[in-house]
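If you want the building blocks of each chain, they are given just below.
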Amino acid sequence: MQLRIASHHRVFVLTGAGISAESGLPTFRAEDGLWAGQRVEDVCTPEAWDRNPAKVWEFYSMRRQAAQPAQPNPAHFALARLEERLGDRLLVCTQNVDDLHERAGTKRLLHMHGELAKSRCDRDCGRPPVEDRRIYRSLDEVPFCACGGRLRPHIVFFGEMPLEMERIQRELAAATWMLVVGTSGSVYPAANFVHWARGSGARTVYVGPEAPLNAAAFTQVVEGRAGEVLPDLFLEG
Ligand code: APR
Ligand code: ZN
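Residues numbered from 1 in each chain as written. Chains lettered and ligands numbered in written order. Predicted model: local features only at pLDDT ≥ 70, side-chain atom pairs only at ≥ 80, totals over all residues. Heavy atoms only, no water.

*Asks:* Just give me the short version of the sheet that holds strand β8 (residues 177-181), but keep the residues and values in it.
*Replies:* Strand order across the open sheet formed by six strands is β4-β3-β2-β8-β9-β10, with parallel pairing between neighbours. Across the chains shown, the open sheet's two edge strands, defined by having one partner strand only, are β4 (109-111) and β10 (220-223). Ignoring strand direction, the axes of neighbouring strands in this sheet form an average angle of 15°. Looking at chain direction, β8 and strand β9 (residues 203-208) are connected through five bridges and run parallel. Each bridged residue has a counterpart across the sheet, and for Leu-179 the counterpart in β9 is Val-205. The sheet strands contacting helix α5 (residues 74-86) are β2 (11-15), β3 (90-94) and β8, and the helix crosses β3 at an angle near 150°. (Pairing = 2+ DSSP bridges. Helix = DSSP H or I, 4+ residues; strand = E, 2+ residues; numbered from the N terminus. Axes fitted to C-alpha atoms, helices over the stretch in contact; angles between N-to-C directions. Contact = heavy atoms within 4.5 Å.)

Quick look at the structure:
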């Protein structure tokens with residue numbers, strides 16, 4: 001199965017944890033996934049942060065540690081090659097907080113759920129997120145912002161607004177193709193993007209080993225692992 005994406009097409013790619021599975025990073029909702037061993041309410045909500053910031057940092061420090069040895073896999077590289085051909089007619093919108101897309105060479109990328117390798121002030125003091133890969137062993141190791149706020153993971157918690165939604169809506173409205181890779185379609189608004197793309201007439205393709213919850217919205221579902229399917233999926237020219 002191959003997709004011919006001619007040079008006039010505009011492609012919006014949405015990726016989820018599944019594209020990093022073959023790089024050894026756990027997904028969320030598999031039996032051995034991140035949410036099997038941890039409650040979202042305890043580590044990924046604003047209330048969790050207010051109640052127990054030490055527990056939130058313990059979870060994200062563990063994820064930083066787990067992400068260190070991970071390498072981009074053939075799926076990440078396939079998307080970087082597609083961008084070499086399509087240039088500014090391709091955008092990768094990832095729900096993932098790892099930096100495997102960047103390390104595979106993708107430039108036109110946005111992290112709608114934040115980035116593991118960054119931290120930011122937990123107050124709205126206006127200071128931008130900072131590069132930070134530190135693994136904090138206890139809360140008193142966590143620095144404070146100049147405004148007195150405490151550094152928190154630059155991660156969009158459940159209940160918070162995903163990042164760059166205006167740009168996402170603009171790019172989806174202009175897309176003629178939408179490729180969705182490795183996401184269960186269980187978290188909004190990302191799970192709605194395929195409906196928005198369909199609404200503006202785009203062809204929508206899903207790649208993953210099992211059908212996502214929003215499978216009915218796709219023109220095509222290509223069953224398989226991203227690292228095996230993506231390298232041969234796009235016909236040149
Ligand atoms: N290749 C492609 N897809 C895969 C692979 C693989 N090798 N292995 C697993 N998958 C698929 C699974 O079939 C599943 O549909 O990846 C998907 C992972 O789904 P989730 O674990 O729900 O992860 P995701 O959809 O990215 O979660 C979305 O939820 O917890 C929040 O913010 C978090 O960004 C995350 C969001
Ligand atoms: Zn601050």
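*Asks:* Tell me about the nonpolar core, and name the residues and values.
*Replies:* With 24 residues, the main nonpolar core has Leu-179, Val-207, Leu-230, Leu-233 and Phe-234 as its most contacted residues. Counting residues per element, the ones that place at least two in this core are β2, α5, β3, β8, β9 and α9 (226-229). Here the element with the most residues in this core is α5; it accounts for five residues. Excluding residues that lie within four positions of it along the chain, Val-207 makes contacts with Leu-179, Val-180, Val-181, Gly-182, Val-222, Gly-224, Ala-226, Val-229, Leu-230 and Leu-233. Grouped together as the second largest cluster of nonpolar side chains are 22 residues, Leu-34, Trp-35, Ala-48 and Leu-151 included. (Core = buried A, V, L, I, M, F, W, Y, C linked by side-chain atoms within 4.5 Å. Buried < 20%, exposed > 50% of the residue type's maximum accessible area, 1.4 Å probe, protein only.)

*Asks:* Kindly report on unusual backbone geometry, identifying the contributing residues and their values.
*Replies:* Omega for the peptide link from Tyr-188 to Pro-189 comes to 5°, which places this bond in the cis form. Mapped onto the elements of the fold, Pro-189 is located in the loop between β8 and α8 (193-199). Look at Glu-164: it is not a glycine, yet its phi comes out positive at around 60°. Structurally, Glu-164 is set in the loop between β7 (151-155) and α7 (165-174). On the basis of relative accessible area, Glu-164 is assigned to the partly exposed category, the value being 38%.

*Asks:* Break down helix α4 (residues 53-67) for me, citing the residues and quoting the values.
*Replies:* Along its 15 residues, α4 runs 21 Å from first to last C-alpha, staying within 8% of the 21 Å computed at 1.5 Å per residue. The set of residues buried in α4 consists of Pro-53, Val-56, Trp-57, Phe-59, Tyr-60, Ser-61, Arg-63, Arg-64 and Ala-67. In this structure, the buried residues of α4 make contact with α1 (34-37), α2 (40-43), α3 (46-51), β5 (114-121) and β7. (Expected span 1.5 Å × (residues − 1).)

*Asks:* Which residues make up the coordination of the zinc ion (ligand 2), and what are the values?
*Replies:* The protein atoms that coordinate the zinc ion (ligand 2) are Cys-121 (SG), Cys-125 (SG), Cys-145 (SG) and Cys-147 (SG), at distances spanning 2.2 to 2.4 Å. Taken in sequence order, the residues that donate to the zinc ion (ligand 2) follow the motif C-x3-C-x19-C-x1-C. Taken together, the residues Cys-125 in the loop between β5 and β6 (130-131) and Cys-147 in the loop between β6 and β7 connect sequence positions 22 residues apart. Under the relative-accessibility criterion, Cys-147 is labelled partly exposed at 28%. (Donors = N, O, S within 2.8 Å, 3.2 Å for Na, K, Ca; no water.)

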